[in-house]
Amino acid sequence: MRWTRYLVVLLLAALVLGVPREAVAATTKKGVSALNVGGVTAALADVRASWYYDWASNTQGITAPAGVEFVPMIWGRGSVTDAELSSAKALGTTLLGFNEPDMAGQADMTVEQALDLWPRLQDTGLRLGAPAVAFGGDQPGGWLDRFMSGAAARGYRVDFIPLHWYGGDFSSAATNQLRGYLQAVHDRYHKPVWLTEYALTDFSGPVPRYPTQAQQADFVRASTAMLQGLSFVERYAWFTLSTSTSPTGLYSGSTANTAGAAYRAAG
């Protein structure tokens, strides 16, 4: 497996350079979501992420730097095809499940639809993450809770839980709010967690509200330190790499903004 070989190289380098094994292992957590926009290759190299994904089963033409792992996703019902599943199997060792099936504007799937299609994802043999709900992953009777109960009843495999989180409180309290959500989900399902989308964004009004760059950068520093220290969080990925994709992006083209510089220094 390519990722295993990469980790072995990192660990050997650590032994030669005298870097503690724990420090090397921690750096493999940091990732980023990305689309194929201008400057993406240079930004991926600069941000020092160990992995990335693009909401698709293939790289969408993104050329990643050497040693940066691509993680494929089966986005929704229409993505469950022989071609997309074969692409994911050829390009990755881990597979992300459906994207926000609890949202009408995203994969928009019932729990039963997701469960009926799950064996196709499972049959890839890849390590498999649950569908990533937009919210409420810790809630009894919520979308994820019903999916996990149904998967257990049918004997299906779910290896880890991907989560999304957006904080509308732009104060220093945001990091502990994020920690509380991650802990609650882990306590409920007792599986490793991947935080595959996160940033500060307030969705409570008619239009999204965003923090200042200084507030976002402060949150980047505090949250990444917290995530590195949580043993059950295997990986995390900021939303997103480029400001062309979202105002929460870390780079304009190939140039890091204040939050981007903070994320580059993390891990």
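Residues numbered from 1 in each chain as written. Predicted model: local features only at pLDDT ≥ 70, side-chain atom pairs only at ≥ 80, totals over all residues. Heavy atoms only, no water.

A word on the overall build of the protein chain
Note the following rule: Helical segments are the DSSP runs of H or I of at least four residues, strand segments are the runs of E of at least two, and each set is numbered from the N terminus. Burial classes follow relative accessibility: with a 1.4 Å probe on protein chains only, a residue under 20% of its type's maximum area counts as buried, one over 50% as exposed, and anything between as partly exposed. Contacts were defined at the residue level, with two residues in contact if any of their heavy atoms lie within 4.5 Å. In short, Shrake-Rupley with a 1.4 Å probe defines the accessible areas, and a residue's cover is counted only from the protein chains shown.
Scanning the protein chain for helices and strands turns up nine helices and ten strands. Counting over 267 residues, the protein chain shows a buried share of 50%. A separation of at least 24 residues holds for 65% of the contacts in the protein chain among residues at least 6 apart in sequence. Surface exposure of the protein chain reaches about 11,300 Å², of which carbon and sulfur atoms provide 56%.

Some thoughts on the environment of glycine 150
Tracing the chain through its elements places glycine 150 in helix H6 (residues 143-154). With 38 residues separating them along the chain, glycine 150 and glutamate 112 place their C-alpha atoms 8.3 Å apart.

Let's talk about unusual backbone geometry
Here the bond from phenylalanine 239 into threonine 240 is cis, since omega is 10 degrees, no more than 30 degrees from zero. Inspection of the secondary structure assignment puts threonine 240 in the loop between strand E8 (233-238) and strand E9 (251-252). Phi at tryptophan 55 takes a positive value of approximately 65 degrees, unusual for a residue other than glycine. With respect to the helices and strands, the residue tryptophan 55 is situated in the loop between strand E2 (51-53) and strand E3 (69-70). For histidine 190, which is not glycine, the phi torsion reads 55 degrees and is therefore positive.

Quick look at the confidence of the model for the protein chain
Rule in force here: One confidence number per residue, pLDDT, is output by the predictor and ranges from 0 to 100.
Scored by pLDDT, the protein chain comes out at a mean of 92, with 90% of its residues at no less than 70. Predicted confidence is poor over residues 1-26, with pLDDT under 50, and the contacts of this stretch with residues over four places away or in other chains come to 21 contacts.

As for the pattern of salt bridges
Put simply, the test is: The term salt bridge refers to a side-chain nitrogen of Lys or Arg lying within 4 Å of a carboxyl oxygen of Asp or Glu.
Scanning all chains against the criterion turns up ten salt bridges. We note a salt bridge from arginine 264 to aspartate 46, for which the minimum N-O separation is 2.7 Å. Here the residue arginine 264 occupies a position in helix H9 (residues 258-265), and aspartate 46 occupies one in helix H3 (residues 40-47), the gap between them amounting to 218 residues. The exposure class of arginine 264 is partly exposed, given its relative accessible area of 25%. Its relative accessible area of 27% is what places aspartate 46 among the partly exposed residues. Residues aspartate 218 and arginine 221 are paired through a salt bridge, measuring 2.8 Å at the closest nitrogen-oxygen approach. Residue aspartate 218 and its partner arginine 221 are both found in helix H8 (residues 213-229); the two are separated by three residues, about one turn of the helix. Judged by relative accessible area, which is 46%, aspartate 218 ranks as partly exposed. Taken together, the shared-partner salt bridges connect Glu112, Asp116 and Arg154 into one network.

Thoughts on the packing of aromatic side chains
Here is the rule: In this scheme Phe, Tyr and Trp rings, the latter by its six-membered ring, pair at centre separations within 6.5 Å, and the angle between planes marks the pair as stacked below 30 degrees, edge-to-face above 60, and tilted otherwise. A ring is scored as having a charge over it whenever the NZ atom of a lysine or the CZ atom of an arginine sits within 6 Å of its centre and within 35 degrees of its normal.
Within the structure shown, the criterion is met by 18 aromatic pairs. Each ring, one from phenylalanine 98 and one from tryptophan 118, has its centre 5.8 Å from the other, and the planes form 70 degrees; the classification is edge-to-face. Of this pair, phenylalanine 98 sits in the loop between strand E4 (94-95) and helix H5 (111-122) while tryptophan 118 sits in helix H5, and the two are 20 residues apart along the sequence. Exposure remark for phenylalanine 98: the relative accessible area of 0% places this residue in the buried category. Arranged with centres 6.1 Å apart and planes meeting at 50 degrees, the rings of phenylalanine 219 and tryptophan 238 form a pair that is tilted. Highlighted residues: phenylalanine 219 in helix H8 and tryptophan 238 in strand E8, separated in sequence by 19 residues. Among the aromatic residues, those joined into a cluster by ring pairs are Trp51, Tyr53, Trp55, Phe160, Tyr166, Trp194, Phe203 and Phe239. The ring of tyrosine 263 is capped by lysine 30, whose NZ or CZ atom sits 5.3 Å from the centre of that ring.

Some thoughts on the side chain of serine 223
Note on placement: serine 223 falls in helix H8. Classification of serine 223 by relative accessible area gives buried; the value is 0%. When residues no more than four places from it in sequence are discounted, the contact partners of serine 223 are Thr175, Leu178 and Tyr198.

A closer look at the nonpolar core
Our working definition: Among buried residues, the Ala, Val, Leu, Ile, Met, Phe, Trp, Tyr and Cys ones that are joined through side-chain atoms within 4.5 Å form a nonpolar core.
Among the nonpolar cores identified, the biggest contains 65 residues, and Leu121, Phe147, Ile161, Leu182, Leu195, Tyr198 and Leu241 are the most heavily contacted of them. In terms of residue count, helix H7 (residues 174-189) provides more of this core than any other element does, six residues in total. With residues up to four places along the chain from it excluded, the contact list for leucine 195 reads Leu163, His164, Trp165, Leu178, Leu182, Leu227, Arg235, Tyr236 and Ala237. Counting ten residues, the second-largest nonpolar core is a separate cluster that includes Tyr53, Trp55, Trp194 and Ala237.

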